Amino acid sequence: MIGGLHKQFLLLLLWGSLVVAVKDYLFKTCETAGFCHRNKYFAESVKNQGHNFIPKYSISQSSISIDEVLNSKVIHGNIIKFIPSGNHITLPFEISLLDGNNLRFKVDEKDRTSIDTTKLNINTHRYNETSDWAFVSAELPYLANDKFTIDLKNDVLIITYGDAKQYRAIVDFWPIKLTIYHKDKIQIIANDKNLFNFEHWRLQDENSHHLTEEETDYDMFEDHFKDSKEDSIPLGPESIGLDFTFKNFQHLYGIPEHADSMNLKDTTESSMPYRLFNVDIFEYETDSRLPMYGAIPFILASKPEISVGLFWINSADTFINVDKTTNQKDSSTHWISENGIVDFIITIDKTPADINRNYGLITGYTQLPPLFSLGYHQCRWNYNDEKDVLEVNSLMDEYQIPYDTIWLDIEYTDQKKYFTWHKEKFPNPERMLDELDHTGRNLVIIIDPHIKTGYYLSDELTKKKSCINDASNNSYHGHCWPGESVWIDTLNPTAQEIWDAQFTWNNYFLGGQSSNIFIWNDMNEPSVFNGPETSAPKDDIHFGGWEHRSVHNIYGMTYHEATYNSLAKRNEGHTTRERPFVLTRSYYAGSQRTAAMWTGDNMCKWEYLQISIPMVLTSNIVGMPFSGADVGGFFGDPSTELLTRWYQTGIWYPFFRAHAHIDSRRREPWLAGEPYTSIIRDAVRLRYSILSVIYTAFYESSQTGIPVMKPIFYESLSNIESYSIEDQFFVGNSGILVKPVTEEDAKEIKVYLPDNEVYYDYTDRSLSKINAYSSDKPGYLTKSVTLEDIPVFIKGGSIISLKDRYRRSSRLMFKDPYTLIIALNKDGEANGSLYVDDGESFDYEKHEEYAYIKFNYSNGKISADVNEVKDRFKDSISDVKIEKIIILNESTTGTVESIIIHNPKLSISQSWTGKIEFVVEHDEL
Ligand code: NOJ
């Protein structure tokens, strides 16, 4: 350990410099992670035995019962595992059906009663609470009885479900298999390759009676990996493995976080399958399956007719091997987790958007963020003091760059003690917050989960037993920014109470009565500088007696959720800025409900700009749309060209923040000089002009799970070529298609137009003279570009609502008028939506104070459907006008006719109560 410690401290010293790239030797591979090694060995022996392989698992028909749950039915039964001693192990299973075609399968191990618990400090059950954290509600949306049928036969169980009973799940008892059909076509098979492996509890000295012939005992009771040799592995081997074949699917997406392509790669030849294990990965590399800060064990498989979603509900260290080579048609995945239970959900539906909706029914949809948080965030490590903050604030105005939020990194604190201020640098936070508030601006400050030892907060956490404990059940001590620290255990309800108390209005720390302060949660993997694989030891203990091993991947989420809860309690009823905003680095499935995420410590290099797009797209595919990458790159100093191109890309990230490492040179937009500063300013202003579009996309995502930064293939499912396009995207359902320039010194780009619709070129934004492109089939368009250009297209058939005036922040734009762009499709029609609320409070939820407007253009008339708008909200927006309407129409000659209507007369056919229609009357229509 001393050697390990020493090395880690060296690492800490090197943290600030740019000497070496990712230290991948710090991280386990499948070979060096005992549980992955064993499952890989198991997979190889099953494969090598071919037809001679005899599966050791069987479902006992007589054990099956069909039980009533609420107004549904749940199937219970036992899987029997045969072991060499002649004995067998009982593994109870449960199958349930949930709304959204979600079929859930769970397998646990019968109470491990023979474990001598007197010698252990831990809970000896298998961890089965991941779903409690991941699911949006404890009340599961069980599918009503009359929506499915169960047919139990001698050696098979058949469940028929879905609209018109179009899905059929067949469970074979031996060999065990779950096959799901859509109509008569197989879509997915669980345990297709017989890789189901469930390491049950056994005593070390009896191990030989428990090992089946396919198994190796490699690192079952000890860990040979250099930095985790001290892992006591108190419960021995507990891993689980299972394979899933996606039938006739070659395109799989998801399982972030990796700095990798959107379309998952085949990993059969690699020693490094995709790994999900939240870690603080220093100077990560691109094109890599190494683990990163967050984990969402969800895969989307898509093809033109149908899509499948697979959610592996497990929070332990997990490897996923992807095999696309078997027959060039199917994709097979092998999931291996260190411990916990087998628990997965499969949903099948027509489109990827349907899968997003179905998955969101289980884990929840993204929060509707406060509007300010969709504006421009200005961050660096660090803004030094109050003067610095306020100078940046006023320079933004001098250069007429809109922005909403300035951020403070760890140096604002007194010696990295969170909930304290550095008194000399920030003598009066309230004054600073007030000054920011004058122009509607906000402050975000960082608060990490490591709490420096020797001050009131760590003392209280320790006293109230609300820290993560070590294997002997004493508060775990490790090293992070403040030096020696303890870690708050946010699985513990007492920790939430302690946290809440830090966020009250009486706590001067949060700037007295200021309401424009929000929180950034970093290092919550958790990052431990002297810990194994830069994190907490796996035999650390959390509330409930759970080993850290079991909860590792959800810890980050429990932490940012605790922060969200504390802010929500603080704000409730006290401020118009009621909606909390929390940024997290570590996340899990369900994090979308309470936080935004960013992709951590990238570098000032073109390949990091490029990879940020598939990374953010992947996050959107797996239900976590509020995501972005550090604009400019974290480590190093970007060239002015790279910085400019990064802004032009970053304005499209759902979360748009510029950030930089403490050792990098200052790079606020005005420092780039002309022409860069003006180009950056124009890019930021473009973001603000489409803020309503982005906010509407978030609203729709918060209702249906639709991505905000949406992959191209979502709108061109019949076109397989579009399934791999990952350097361009749509903004929600708006019809805005973007292909940012991410190559150095680019003179031209190729834009993929995925269908035969007309696309209006919005790149130079002067809509009086505009090009449109359409052809009979999808294909690439070559377009020359200059540094000023951000290639943007509006798809025919869309209606976009813009706010064009420059304001200093989003708050000041509230009453600004709209411009509507109506981009007609080939049939001369268009549709679009606009969501408006106060952008700050929960009144949209509590009192339905919002307007959701669906515009339509057909037969030369514009109309709009609006929900029943509540009086109070109606009053607040009554003087918000549509000042201009621009109609784009590609004429038969291929030129675009644009009609611009200034100050259109809106005649509203009824008063603003109930569902109304309003019609724009204008002679030119
Ligand atoms: C690591 C984070 O990823 C980075 O964004 C931050 O600036 C540093 N921690 C310091 O807090």
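Computed from a prediction, not measured in an experiment: that's the story for all the values here. (Residues numbered from 1 in each chain as written. Predicted model: local features only at pLDDT ≥ 70, side-chain atom pairs only at ≥ 80, totals over all residues. Heavy atoms only, no water.)

A. Representation of empty space enclosed by the protein in the model. Throughout the structure, instances matching the rule amount to 10 cavities of 30 Å³ or more. When its volume is computed, the largest cavity comes out at roughly 160 Å³. Per-element accounting of the lining of the largest cavity gives the leading share, three residues, to helix α2 (residues 34–49). (1 Å grid on protein atoms, 1.4 Å probe; cavity = no way out; pocket = protein on both sides within 12 Å on 5 of 7 lines; lining within 4 Å. Points joined across faces, edges and corners; volume = space filled by probe spheres on them. Helix = DSSP H or I, 4+ residues; strand = E, 2+ residues; numbered from the N terminus.)

B. Quick peek at the sheet that holds strand β18 (residues 342–349). Ordered by their spatial adjacency, eight strands build an open sheet running β1-β2-β3-β4-β18-β15-β14-β12, and the pairing between neighbours is antiparallel. Strands with a single pairing partner mark the edges of an open sheet, and in this sheet they are β1 (57–69) and β12 (252–254). Looking at each pair of strands side by side, their axes are set apart by 20° on average, direction ignored. Note that β1 and strand β2 (residues 72–82) share nine bridges and pair antiparallel. Bridging across to β2, V69 finds its partner in S72. Against the sheet, helix α4 (residues 352–363) contacts β3 (88–98), β4 (102–107), β14 (298–302), β15 (307–312) and β18, and its axis sits at roughly 140° relative to β18. (Pairing = 2+ DSSP bridges. Axes fitted to C-alpha atoms, helices over the stretch in contact; angles between N-to-C directions. Contact = heavy atoms within 4.5 Å.)

C. How the structure looks around unusual backbone geometry. The omega torsion across W174 and P175 is -15°, close enough to zero to call that bond cis. The residue P175 is located in the loop between β7 (167–173) and β8 (176–182) in this model. Between P256 and the following residue, E257, the backbone shows a cis peptide bond with an omega angle of 25°. Unusually for a residue other than glycine, M523 sits at a positive phi of about 60°. As for its position among the elements, M523 is in the loop between β25 (517–521) and β26 (541–542). We classify M523 as buried; its relative accessible area is 1%. (Buried < 20%, exposed > 50% of the residue type's maximum accessible area, 1.4 Å probe, protein only.)

D. Inspection of the pairing of strand β45 (residues 861–866) at higher detail. With six bridges joining them, strand β44 (residues 851–858) and β45 adopt antiparallel strand pairing. Looking across to β45, one finds that I853 is bridged to V866. Between β44 and β45, which pair antiparallel in sequence order, lie two residues; one of them, N859, sits at a positive phi of approximately 50°.

E. View of the side chain of E533. Mapped onto the fold, E533 is located in the loop between β25 and β26. Of the polar contacts made by the side chain of E533, one reaches the side chain of R275; its length is 2.8 Å. Those residues in contact with E533, other than ones at most four positions away along the chain, are L26, F27, K28, F225, D227, R275, F277 and V279. (Polar contact = N/O pair within 3.5 Å; in protein donor to acceptor, adjacent residues only side chain to side chain.)

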